[in-house]
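One letter stands for each residue in the lines below.
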Amino acid sequence: MRTVFGVFGDPIAHSRSPDMHNAAFDKLGMECTYHAFKVNPDNLKNALLGAKAMGFGGVNLTVPLKQEALKIIDADPLAKGIGAINTVDFKDGITGYNTDGLGAKRALEENGVEIDGSNVLIVGAGGAARAIAFQFAKDGASITIANRTENKAIDLATDVSSVGFARGCGLEHLKEFIDGSDILVNCTTQGMHPKTEGTIATAEDMHSGMTVFDIVYNPLETRLLKEAKKAGAKAITGEMMLVYQGAEAFRIWTGVEPPIDVMKKAVLEGLGI
């Protein structure tokens, strides 16, 4: 009997997590399968308890469940500090982890981007933004968080200040902070399929000395990244954050080293690339 894994979220049809995890299981000859499940916040507790009761090996959580999960289950110190969970393990009760920040870090590092000493502007204040802000602040970056609701950005910056420098602001200040940024990270859903014309900034807002990283990976090249290239900036796509955070979840669940190249190939094929 195959062990079931999955990803919970709403919306969820766009997820490429099943592609990459099933490819990894197949490559390693493991009797496991991974599926996407539409779960809204009101049903998250029942979904997690049901998954545990049915013998699931583990699940990932995506929008809008990452912060809600902390109200329901125990988490490791990193996830508690971040305030969001993206990976749930069922081996010893129900335990939450967060692998998003590490995924983002590795995605930038493989593109030769130095985080330590950089001025990083993060747009958005949700679960992924929290993870990336904490990780990059710990790695020596100065963090600015811009969000539509300014108080959420300020609250997140206050939390991140426990591990490094961080400040929060509203989106009306976005252009001036882009001017002084080395790295711009989009942690909103702007530009995500099917609303692919959305963007947090245009070429006129950006400069050639910066790196622009969009965690949206469907489409792979978002409008933001197209605009970044017009400005002469380095543009980094979001699929490797997905792969690296998924690889760490794979390790947590199975104790097995996943085949990164196979996971990346599956994600790109799932995106039609």
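For the structure itself, look to the data block above.
A quick note: this is a predicted structure, and the numbers were derived from the prediction, not measured.

Before going further, it helps to examine the packing of aromatic side chains. Counted according to the given criterion, the structure contains six aromatic pairs. Here F5 and W253 contribute two aromatic rings whose centre-to-centre distance is 5.2 Å and whose plane-to-plane angle is 40°, an arrangement assigned as tilted. Within this pair, whereas F5 is found in strand β1 (residues 3-9), its partner W253 is found in helix α9 (residues 239-254), the two being separated by 248 residues in sequence. The same class applies to F5 and to W253, which are both buried.

A separate point is the nonpolar core. I122, I132, F136, I143, V185 and F213 are the most contacted members of the largest nonpolar core, which has 57 residues in total. Per-element tally for this core: the top contributor is α9, with 10 residues. Excluding residues that lie within four positions of it along the chain, F213 makes contacts with A104, A107, L108, L184, V185, N186, I236, T237, G238 and M241. Within the second largest apolar cluster, 19 residues are counted, among which are A201, A203, M210 and V212.

Quick look at the packing of helix α1 (residues 17-28) against helix α10 (residues 260-270) now. With their axes 8 Å apart at the nearest point, α1 and α10 run at an angle of 135° to one another. Compared by their axis directions, α1 and α10 come out oblique. Remark: the crossing between α1 and α10 carries right-handed chirality. Every residue of α10 that contacts α1 at D19, M20, H21, A23, A24 and K27 is listed here: V262, M263, A266, V267 and G270.

The rules behind each value
- Residues numbered from 1 in each chain as written.
- Predicted model: local features only at pLDDT ≥ 70, side-chain atom pairs only at ≥ 80, totals over all residues.
- Heavy atoms only, no water.
- Phe/Tyr/Trp six-rings, centres within 6.5 Å; stacked < 30°, edge-to-face > 60°.
- Helix = DSSP H or I, 4+ residues; strand = E, 2+ residues; numbered from the N terminus.
- Buried < 20%, exposed > 50% of the residue type's maximum accessible area, 1.4 Å probe, protein only.
- Core = buried A, V, L, I, M, F, W, Y, C linked by side-chain atoms within 4.5 Å.
- Contact = heavy atoms within 4.5 Å.
- Axes fitted to C-alpha atoms, helices over the stretch in contact; angles between N-to-C directions.
- Parallel < 35°, antiparallel > 145°, perpendicular 65-115°, else oblique.
- Left-handed = near helix turned anticlockwise from the far one by under 90°.

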